[in-house]
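Listed below, chain by chain, are the residues.
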Amino acid sequence: MADSDEVDRIVGDWERERGDLDFAPLQVFSRVDRLSKHLDRARKHAFTQSGLESWEFDVLSALRRAGAPYRLSPKALLQQTLVSSGTMTNRIDRLVSRGLVSRQTDPHDGRGILVEMSAAGLTRVDAAITRLVDAEAELLAGLPSGEQRRLASLLRKLSLGFD
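The structure displayed is predicted, hence computed values, not measured ones.

Participant: With reference to specific residues and values, describe the UniProt feature "domain: HTH marR-type" (unreviewed entry) in the chain.
Facilitator: In the numbering adopted here, UniProt assigns the feature "domain: HTH marR-type" (unreviewed entry) to residues 25–160. Note that residues 25–160 is 69% helix and 12% strand, and that its end C-alpha atoms are spaced 17 Å apart.

Structure below.
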């Protein structure tokens with residue numbers, strides 16, 4: 001096969017040794033796993049170049065997507081980042097100490113607080129998302145745009161069963 005990869009070799013070996021099994025899932029998920037490793041490296045590089053850790057990007061990007069004035073309650077941040085409340089408190093504390101966010105009193109509930117992104121946080125998250133999109137586009141460069149859309153559609157269909 002002219003366009004074979006390492007997964008084809010591995011699956012071919014398994015089919016030879018265990019012809020009684022259907023290796024179709026391995027064909028898909030071994031590739032997803034290998035691509036995930038490339039994506040992790042690209043993301044880490046994009047975030048590092050922007051002076052952020054991946055968890056910092058997660059919090060700052062949730063604030064950025066909220067739109068101006070880029071603030072959310074800690075509860076909303078928990079829902080978007082899927083971490084425990086203790087972890088989120090620690091993350092907010094660390095972001096405050098770095099000057100990337102501040103805590104504000106909720107104007108609608110004097111007992112509540114909002115986490116608001118600073119100008120420095122906005123600069124960093126915007127740089128990181130630009131680098132990330134560029135890096136991910138590079139990873140997909142081998143596929144024409146129509147195939148990229150088809151792949152995204154298939155992955156969405158598969159992931160709906162888990163979300």
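Next comes the rest of the write-up.
Participant: Tell me about the nonpolar core, and please be specific about residues and values.
Facilitator: Core analysis: the largest hydrophobic core is formed by 23 residues, its most contacted members being Leu 52, Phe 57, Leu 60, Leu 63 and Leu 77. Only α2 (24–49), α3 (54–65), α4 (74–81), α5 (85–97), β3 (109–117) and α6 (119–139) provide two or more residues apiece to this core. Residue contributions to this core peak at six residues, all from α3.

Participant: Can you tell me about the pairing of β3, naming the residues and giving the values?
Facilitator: Summarising the sheet, strand β1 (residues 71–72) and β3 pair through two bridges and their orientation is antiparallel. Directly across from Leu 72, in β3, lies its bridge partner Val 115. Alignment of strand β2 (residues 101–106) against β3, held across six bridges, turns out to be antiparallel. When the sheet's bridge partners are listed, Asp 106 is paired in β3 with Asp 109. The hairpin formed by β2 and β3 contains two residues between the paired strands.

Participant: Any chance you could break down the sheet that holds β2 for me, citing the residues and the numbers?
Facilitator: Taken together, three strands build an open sheet; the order of strands is β1-β3-β2 and the sheet is antiparallel. Among the strands making up the open sheet, the edge pair consists of β1 and β2. Contacts from α5 reach β2 and β3 within the one sheet, and its direction differs from that of β2 by about 115°.

Participant: Describe in detail the packing of helix α1 (residues 6–17) against α2, supporting the description with residues and values.
Facilitator: Relative orientation of the contacting elements α1 and α2 amounts to 140°, with a least axis distance of 10 Å. At the point where α1 passes α2, the crossing takes the right-handed sense. Seen from α1, the contacting residues are Glu 6, Val 7, Asp 8, Ile 10, Val 11 and Trp 14; seen from α2, they are Leu 26, Gln 27, Ser 30, Arg 31 and Arg 34. Taken together, the residues that form the contact of α1 with α2 break down as five nonpolar, two polar and four charged.

Reading the values: rules and limits
Residues numbered from 1 in each chain as written. Predicted model: local features only at pLDDT ≥ 70, side-chain atom pairs only at ≥ 80, totals over all residues. Heavy atoms only, no water. UniProt positions renumbered as here; feature names shortened; annotations may be inferred. Helix = DSSP H or I, 4+ residues; strand = E, 2+ residues; numbered from the N terminus. Core = buried A, V, L, I, M, F, W, Y, C linked by side-chain atoms within 4.5 Å. Buried < 20%, exposed > 50% of the residue type's maximum accessible area, 1.4 Å probe, protein only. Pairing = 2+ DSSP bridges. Contact = heavy atoms within 4.5 Å. Axes fitted to C-alpha atoms, helices over the stretch in contact; angles between N-to-C directions. Left-handed = near helix turned anticlockwise from the far one by under 90°. Nonpolar A, V, L, I, M, F, W, Y, C, P; charged D, E, K, R; others polar.

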